[in-house]
Amino acid sequence: MAAIETFYDVIRRQGVTRRSFTKFCSLTAASLGLGQSAAVQMAQALETKPRIPVIWMHGLECTCCSESFIRSAHPLAKDVVLSMISLDYDDTIMAAAGHQAEAILEETKEKYKGKYILAVEGNPPLNEGGMFCIDGGKPFVEKLKWMAEDAMAIIAWGACASWGCVQAAKPNPTQATPIDKVIKDKPIIKVPGCPPIAEVMTGVVTFVTTFGRLPELDRQGRPKMFYSQRIHDKCYRRPHFDAGQFVEEWDDEAARKGHCLYKMGCKGPTTYNACSTVRWNGGVSFPIQSGHGCIGCSEEDFWDKGSFYDRLTKINHFGIEHNADEVGLAAAAVVGGAVAVHAGVTAVKRITTKHEG
Amino acid sequence: MSDAAARGEKLADFYRRVHETSMRDSGLCNEALAVEPVGFRDFGPYALGVIVTPWFANLVVTAPREGADAPFPDPARLQLRFPAGDVEFNVSEIEGFGRIAACSLFSPMDDFADYEAARTAARAALDALLDPAMNETPKREPEPTAALDRRALFGGRRRSDEEASP
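Model, not experiment: these values are computed from the prediction.

1. Quick notes on the packing of aromatic side chains
All names here are of chain B.
Turning to step 1, where the next piece is worked out: Counted by the stated rule, this structure contains 20 aromatic pairs over all chains.
Turning to step 2, where the next piece is worked out: With a centroid separation of 5.4 Å and 80° between ring planes, the pair formed by Trp55 and Phe56 is classed as edge-to-face. Side by side, Trp55 and Phe56 carry an identical accessibility label, which is buried.
Turning to step 3, where the next piece is worked out: Following the ring pairs from residue to residue traces out a cluster consisting of Phe14, Tyr15, Trp55 and Phe56.
Turning to step 4, where the next piece is worked out: Between Arg7 and the ring centre of Phe97, over which it is positioned, the NZ or CZ distance is 4.1 Å.

The structure is reproduced here in structure tokens:
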């Protein structure tokens, strides 16, 4: 096998200019909430470090995560997918098939023991010994456990791998089970969403491959950099909520004026994701901007929480300061004194971005 | 009453009307609370304060006095620098008041037991926002090291926690 190339070697060979490369580093660092010094470190790492092998496995899923990932709007997205990582195995997009493909898994497991990233799209069904998802002649759950043994870390793509998604919706006949309930001894990054935003996916991959460690995760295992903001707090229609201007029925005057979709069942107040800031399709729009409420697709069990059009009745999350990390604290009412002060200070921590000087 | 406090009162009047009209029977309000401006003061070219209502509490920036133009344009978003860090605001036009920039602190308000708790939280938020010490604790990712370090990867969470503590 040839010497392992760096990401930079590969994109230079593909004719990408150094200028585009540094721009990519700056933009990616910014999207990760990091400063210019991190962009320089990122550039240095991508120029000098061998690419990290990535094994991308598919369990019970619909491939929308892959579809999202390969549509990242950044001009270098295809290079991110195909060059930054050494995507040695992805049964949806690789050329190899059959025994040849399975051999790649064995080779990677042996040669890069403890050094590869296992990216998992979808989840394993456990009922009937895993018979509801057979991959390469074996139950997917076995293959997943086997590849996880020697992985450096695992990325759980999408709502399926993170929470179970539609195949785990009640009554869940196949016992579709999220990755972290099956793999207990490896660091797992959950990147929920149905699908996750392309830029969030490439951002997570970029972070792990360039810095060689996991990004900071919240208590539910999601990268804080993308999942600490609530849709409701960053929504451009929020001023209409504040002013009591609601869409009452589809296509009414308020709908045409772009008023708040809360009464139409928008799940923005209980959903933590980057849609209202990063948006979709290269920042063009996101569901609320297109006139439909948020369905909360990045939240656990969103299929079992009633209709997408049912109005939220009880919003258990306590405002913006109760990000995923602190939802558990929300049970008690804020009665004043130190608890109220803490709530105020925590809210400010949430809304501020550190600046230099 | 200072000019800034008067701006806060006038803005609160707008939300009081909203409370009495479109928010009535919406099921969204914590009726233990009322609409009130908290801590409006001059901040550079702006008036800065918190509007507490039964359905949200927002950090708000407006023109400093009645009749003055808001010293910010009308893009959807506005970023302002405070001692505690940079904050992103939603800019909107309030009928009969003018342009405001608002950033959500809390919404909805069900978890506040009473008005005093909401007011205390709002004051604490303003104090924290104007406290430079808040900018010193790294909230974001600590600057990563260039070396590929398996130990750091496995202990990623723990290590960044340690780095984040002062």
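2. A short note on the UniProt feature "binding site: [4Fe-4S] cluster 2" (unreviewed entry) in chain A
Turning to step 1, where the next piece is worked out: Cross-referencing UniProt, the feature "binding site: [4Fe-4S] cluster 2" (unreviewed entry) maps to His232, Cys235, Cys260 and Cys266 of chain A in the present numbering. These annotated residues cover 35 residues of sequence, but their C-alpha atoms sit close together, with the largest distance between any two at 11.3 Å. As for the annotated residues, the ones lining the second largest cavity are His232, Cys235, Cys260 and Cys266 of chain A.
Turning to step 2, where the next piece is worked out: Tracing the backbone through its elements, the reader meets His232 of chain A in helix α11 (residues 231-234).
Turning to step 3, where the next piece is worked out: Sequence-distant contacts of His232 of chain A, defined by excluding residues within four places in its chain, comprise Arg238, Phe241, Gly268 and Pro269 of chain A together with Ser107 of chain B.

3. Points about the UniProt feature "binding site: [3Fe-4S] cluster" (unreviewed entry) in chain A
All names here are of chain A.
Turning to step 1, where the next piece is worked out: Those residues carrying the UniProt feature "binding site: [3Fe-4S] cluster" (unreviewed entry) are Cys275, Cys294 and Cys297 in this numbering. With the annotated positions falling across 23 residues, the maximum pairwise C-alpha distance of 10.8 Å places them together in a single cluster.
Turning to step 2, where the next piece is worked out: With respect to the helices and strands, the residue Cys275 is situated in helix α14 (residues 275-278).
Turning to step 3, where the next piece is worked out: Excluding its chain neighbours within four sequence positions, the residues that come into contact with Cys275 are Ile197, Ile231, Trp280 and Phe286.
Turning to step 4, where the next piece is worked out: Structurally, Cys297 is set in the loop between α14 and α15 (337-351).
Turning to step 5, where the next piece is worked out: With sequence-adjacent residues up to four places away left out, Cys297 is seen in contact with Ala159, Gly193, Cys194 and Phe302.

About the thresholds
Residues numbered from 1 in each chain as written. Chains lettered and ligands numbered in written order. Predicted model: local features only at pLDDT ≥ 70, side-chain atom pairs only at ≥ 80, totals over all residues. Heavy atoms only, no water. Phe/Tyr/Trp six-rings, centres within 6.5 Å; stacked < 30°, edge-to-face > 60°. Buried < 20%, exposed > 50% of the residue type's maximum accessible area, 1.4 Å probe, protein only. Lys NZ or Arg CZ within 6 Å of the ring centre and 35° of its normal. UniProt positions renumbered as here; feature names shortened; annotations may be inferred. 1 Å grid on protein atoms, 1.4 Å probe; cavity = no way out; pocket = protein on both sides within 12 Å on 5 of 7 lines; lining within 4 Å. Helix = DSSP H or I, 4+ residues; strand = E, 2+ residues; numbered from the N terminus. Contact = heavy atoms within 4.5 Å.

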